[in-house]
Amino acid sequence: MAEPAGQLPKQRAATGETRVERAFARAFARVTGSALAPYQSAVVRIGFAATWLFFLLREWPHRQELYGPDGPWSGDMARRLLGDNGAFSVLTWSDSRGWFELVYALAIVASALLLVGWRTRTMSVLFMVGVLSLQNRSIFVGDGGDNVIHLMSIYLVLTRCAQVWSLDARRAAKRAHTGATALPERDVTGIVLWAALGLALLVAQSLGLSSLSWFGPGPVPHVGWGLALWVLWLAHGLWWAVRRYAPGEPRTVLDMITKLVHNGALLVIVVEVCLIYATAGWYKIQGSRWQDGTAVYYPMHLDYFSPWPELSRVLADNGLMIMLITYGTVIVQVAFPFTLFNRRLKNVLLVAMITEHLSIAFLLGLPFFSLAMITADAVFLPTVFLVWLGARVSAVRDRVLPRRTGGAAAAPTVPAPAGPGSGGQTAGARPSDS
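Since we're looking at a predicted model, the values are computed, not measured.

Summing up its helical and strand segments, the protein has 18 helices and zero strands in all. Across the 434 residues of the protein, 43% fall into the buried class. By sequence separation, contacts in the protein at least 24 residues apart represent 73% of the contacts at least 6 residues apart. With the model as given, the accessible surface of the protein reaches about 23200 Å², and the carbon-plus-sulfur share is 69%.

Right, dumping it as structure tokens:
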């Protein structure tokens, strides 16, 4: 039986709930009820881990000169600089070649494991430590993309970026397939890894090593890196203990908090990318070379930025093309943050920016800068496209590496329109370490 026309408004008026309060309640339920944009956060995880991993592997023959004891930026100079700016780096703990080689190797391992999504919560912290330690050891090594990786390595720690396309998600799917979700996983490997890292942090703290203050300079004001790392270590242990021994209301509350933190970190990533493009575009507008349409001409005549001299010369000699690229770059960068609420226009500019970064990688020889920026752009990609792309990649993988019969199938996913990239939430198994 239909309600009288004025019955529902009267009921709402009786409860004293206003339209603003209802909207706030719906928004709160959304940001605490699901970890938004699982595919976008997975792409960000894979992209930045791959970018840093490929960079470390490419620079392996030159690692000693870039970040190690043989570099022009000595250990004493690095310690003096870090003492002034409060940055974090474990490489300042010792100038020995063995310590540097260990840190560099662990940075490679952490990047590779984060890429495939194995123990993602732990690996995201180790990935951050590796990125900050190497980059802060020699701050003059980089091409702009290192700044993006620097920031994103911190944000990734706060995200649940292994909900899909990870070994953690695959392990959760297998447990769901075999019906082993009635009891929480014992996870001996995770406990041993957690205990070993806690012991290592305790030893470093006991020795009074630099960059591990409690309330000095750190990731946030008045929270030192030592306190921040201990909080992360305790939070990982608390999450396991609650899942294991308190699966009722405590787990529900903790799960809501982690989802809220994930969604907040994802929002920060979105805002960060918008600020990068907005500031870059507006600063370009103030430059005379960008105003007269010739800015792109000059780097194409520099040997350092000309991996293909003949191609650069042909392009630079085309005045109309140079002008279109120069003005087009400024227009796209300035306009992009204002198109986020128009899906079609946003996707068009997104394709334009990705094309621009691919051109920079190819024509100017800056592949890691371009890969870092393309990964940052991926947070805006539509979920439908990412699901389609994942299906194509899976089909190719299955043809190249046929899977054994009888294995657990991946958990089904149902995307819904949500998230910064017009993306959605995934309905399926929730990985324990996502």
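Moving on to helix H15 (residues 319-335). End to end, H15 covers 24 Å across 17 residues, agreeing with the expected 24 Å (1.5 Å per residue, within 8%). Those residues of H15 lying buried are Ile 322, Thr 326, Thr 329, Val 330, Val 332, Gln 333 and Val 334. In this structure, the buried residues of H15 make contact with helix H12 (249-285), helix H13 (288-291), helix H14 (309-316) and helix H16 (343-363). For H15, the N-terminal capping position is held by Asn 318, with its side-chain oxygen 3.3 Å away from the main-chain nitrogen of Leu 320.

Core analysis: the biggest nonpolar cluster contains 71 residues, and Phe 48, Trp 52 and Leu 134 have the highest contact counts within it. Leaving out residues up to four positions away in the same chain, Leu 134 has contacts with Trp 52, Leu 56, Tyr 67, Leu 91, Phe 100, Tyr 104 and Ala 107. The next biggest cluster of nonpolar side chains, apart from the first, holds six residues, and it includes Met 300, Ala 316, Ile 322 and Leu 363.

Moving on, we get to the pattern of salt bridges. Applying the stated rule across the entire model yields twelve salt bridges. Residue Glu 101 is joined to Arg 63 by a salt bridge in which the shortest nitrogen-to-oxygen separation is 2.9 Å. Of the two residues, Glu 101 sits in helix H6 (residues 97-116) while Arg 63 sits in helix H4 (residues 63-66), which places them 38 residues apart along the sequence. Between Arg 289 and Asp 292 there is a salt bridge, with its nearest N and O atoms 3.9 Å apart. Given the relative accessible area of 39%, Asp 292 is considered partly exposed. One salt-bridge network, held together by shared partners, links Asp 76, Arg 79 and Asp 95.

Within helix H5 (residues 75-85), burial applies to Gly 75, Ala 78 and Leu 82. The buried residues of H5 occupy an angular sector of 60° when the element is viewed end-on, so they sit on one face. The exposed residues of H5 that point more than 90 degrees off its buried face are Asp 76, Arg 80, Gly 83 and Asp 84. Contact partners of the buried residues in H5: helix H7 (120-137).

To continue, consider the packing of aromatic side chains. This structure, assessed with the given rule, holds 17 aromatic pairs. Between Trp 194 and Trp 233 the ring centres are 4.1 Å apart and the planes differ by 5°, which places this aromatic pair in the stacked class. With Trp 194 in helix H10 (residues 188-206) and Trp 233 in helix H11 (residues 225-245), this pair connects stretches of sequence that are 39 residues apart. Here Trp 194 falls in the partly exposed class, since its relative accessible area comes to 30%.

A few words on the packing of helix H3 (residues 38-58) against helix H17 (residues 367-377). Interaxial distance between H3 and H17 falls to 8 Å at its minimum, and their mutual angle equals 170°. The angle between H3 and H17 places the two elements in the roughly antiparallel class. Facing H3, whose interface residues are Val 43, Val 44, Gly 47, Phe 48, Thr 51, Phe 54, Phe 55 and Arg 58, H17 presents Pro 367, Phe 368, Leu 371, Ala 372, Thr 375 and Ala 376. Its residues placed into classes, the contact of H3 with H17 shows ten nonpolar, three polar and one charged.

Below, the discussion takes up the packing of helix H8 (residues 145-156) against H17. How two helices sit against one another is set out by the angle between their axes and by the gap between those axes. Running from N to C, H8 and H17 point in directions that differ by 45°, and their axes come no closer than 8 Å. Of the possible angle classes, the one that applies to H8 and H17 is oblique. Classified by chirality, the crossing of H17 by H8 is left-handed. In this structure, H8 uses Gly 145, Val 148 and Ile 149 to contact H17, whose residues at the interface are Phe 369, Ala 372, Met 373 and Ala 376. Residues belonging to the contact of H8 with H17 are distributed by class as follows: six nonpolar, one polar and no charged.

Looking now at the confidence of the model for the protein. For the protein, the average pLDDT comes to 85, and 87% of its residues sit at 70 or higher. Ignoring residues within four places in sequence, the model shows residues 405-419, a span with pLDDT below 50, making 33 contacts including any to other chains. Within the model, pLDDT remains below 50 along residues 422-432, and this stretch shows 52 contacts once partners closer than five positions in the same chain are excluded.

Even without a glycine there, the phi angle at Ala 37 is positive, about 50°. Structurally, Ala 37 is set in the loop between helix H2 (19-33) and H3. Although it is not a glycine, Arg 119 sits at a positive phi angle of roughly 50°. Note on placement: Arg 119 falls in the loop between H6 and H7. According to the relative accessible area criterion, Arg 119 is buried, its value standing at 7%.

With that settled, the discussion passes to the side chain of Thr 32. Examined against the element boundaries, Thr 32 turns out to sit in helix H2. Not counting chain neighbours up to four residues away, the residues in contact with Thr 32 comprise Met 256, Lys 259 and Leu 260.

Reading the values: rules and limits
- Residues numbered from 1 in each chain as written.
- Predicted model: local features only at pLDDT ≥ 70, side-chain atom pairs only at ≥ 80, totals over all residues.
- Heavy atoms only, no water.
- Helix = DSSP H or I, 4+ residues; strand = E, 2+ residues; numbered from the N terminus.
- Buried < 20%, exposed > 50% of the residue type's maximum accessible area, 1.4 Å probe, protein only.
- Contact = heavy atoms within 4.5 Å.
- Areas by Shrake-Rupley, 256 points an atom, 1.4 Å probe, with all protein chains shown as cover.
- Expected span 1.5 Å × (residues − 1).
- Polar contact = N/O pair within 3.5 Å; in protein donor to acceptor, adjacent residues only side chain to side chain.
- Core = buried A, V, L, I, M, F, W, Y, C linked by side-chain atoms within 4.5 Å.
- Salt bridge = Lys/Arg side-chain N within 4 Å of Asp/Glu carboxyl O.
- Arc of directions from axis to C-beta.
- Phe/Tyr/Trp six-rings, centres within 6.5 Å; stacked < 30°, edge-to-face > 60°.
- Axes fitted to C-alpha atoms, helices over the stretch in contact; angles between N-to-C directions.
- Parallel < 35°, antiparallel > 145°, perpendicular 65-115°, else oblique.
- Nonpolar A, V, L, I, M, F, W, Y, C, P; charged D, E, K, R; others polar.
- Left-handed = near helix turned anticlockwise from the far one by under 90°.
- pLDDT = per-residue confidence, 0-100.

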